[in-house]
Amino acid sequence: MVILTKLNGEPIGVNSGQIEYIESIPESKIIMMNGRYHIVKESQEEIVEKVVRYNQEIRKGTKVEA
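Not measured: the values here are computed from a predicted model.

What counts and what doesn't
- Residues numbered from 1 in each chain as written.
- Predicted model: local features only at pLDDT ≥ 70, side-chain atom pairs only at ≥ 80, totals over all residues.
- Heavy atoms only, no water.
- Pairing = 2+ DSSP bridges.
- Helix = DSSP H or I, 4+ residues; strand = E, 2+ residues; numbered from the N terminus.
- Axes fitted to C-alpha atoms, helices over the stretch in contact; angles between N-to-C directions.
- Expected span 1.5 Å × (residues − 1).
- Buried < 20%, exposed > 50% of the residue type's maximum accessible area, 1.4 Å probe, protein only.
- Arc of directions from axis to C-beta.
- Contact = heavy atoms within 4.5 Å.

A.B. asks: Where do I start with the sheet that holds strand 4 (residues 28–32) in this structure?
C.D. replies: Spatially, 3 strands are ordered 3-4-5 in an open sheet, and the strand pairing comes out antiparallel. Edge strands, defined here as strands with exactly one partner in the open sheet, are strand 3 (19–24) and strand 5 (37–40). Here the average twist between neighbouring strands, direction ignored, is 20 degrees. Here strand 4 runs beside strand 5; their pairing, made up of 4 bridges, is antiparallel. Bridge assignment links I30 to a residue of strand 5, and that residue is H38.

A.B. asks: Sorry if this is basic, but what is going on with helix 1 (residues 44–60) here?
C.D. replies: An α-helix turns once every 3.6 residues. As a result, residues three or four positions apart point the same way. For helix 1, which comprises 17 residues, the first-to-last C-alpha distance of 24 Å matches the rise-based estimate of 24 Å (1.5 Å per residue) to within 8%. Within the span of helix 1, buried status applies to I47, V51 and Y54. One face of helix 1 carries all of its buried residues, which in axial projection span an arc of 65 degrees. Of the exposed residues in helix 1, the ones pointing more than 90 degrees away from its buried face are E45, R59 and K60. Those residues of helix 1 that are buried are in contact with strand 1 (2–5), strand 3, strand 4 and strand 5.

Read these as layout, nothing more, since geometry by itself doesn't imply function.
In structure tokens form, the structure reads like this:
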């Protein structure tokens, strides 16, 4: 999961494998594969960077899943 920030400042963990697409509205609206969505403060680019970094950590075996 990647940790993002809701508009009210609350952190939210998002399953990066379930992201279908991201819209900029100007916040980021993350549409999930089940049709639900989350609006977060991070930009589209920041979200993509976090997902890439998370996937790299998983592949290297440095990310510990709870």
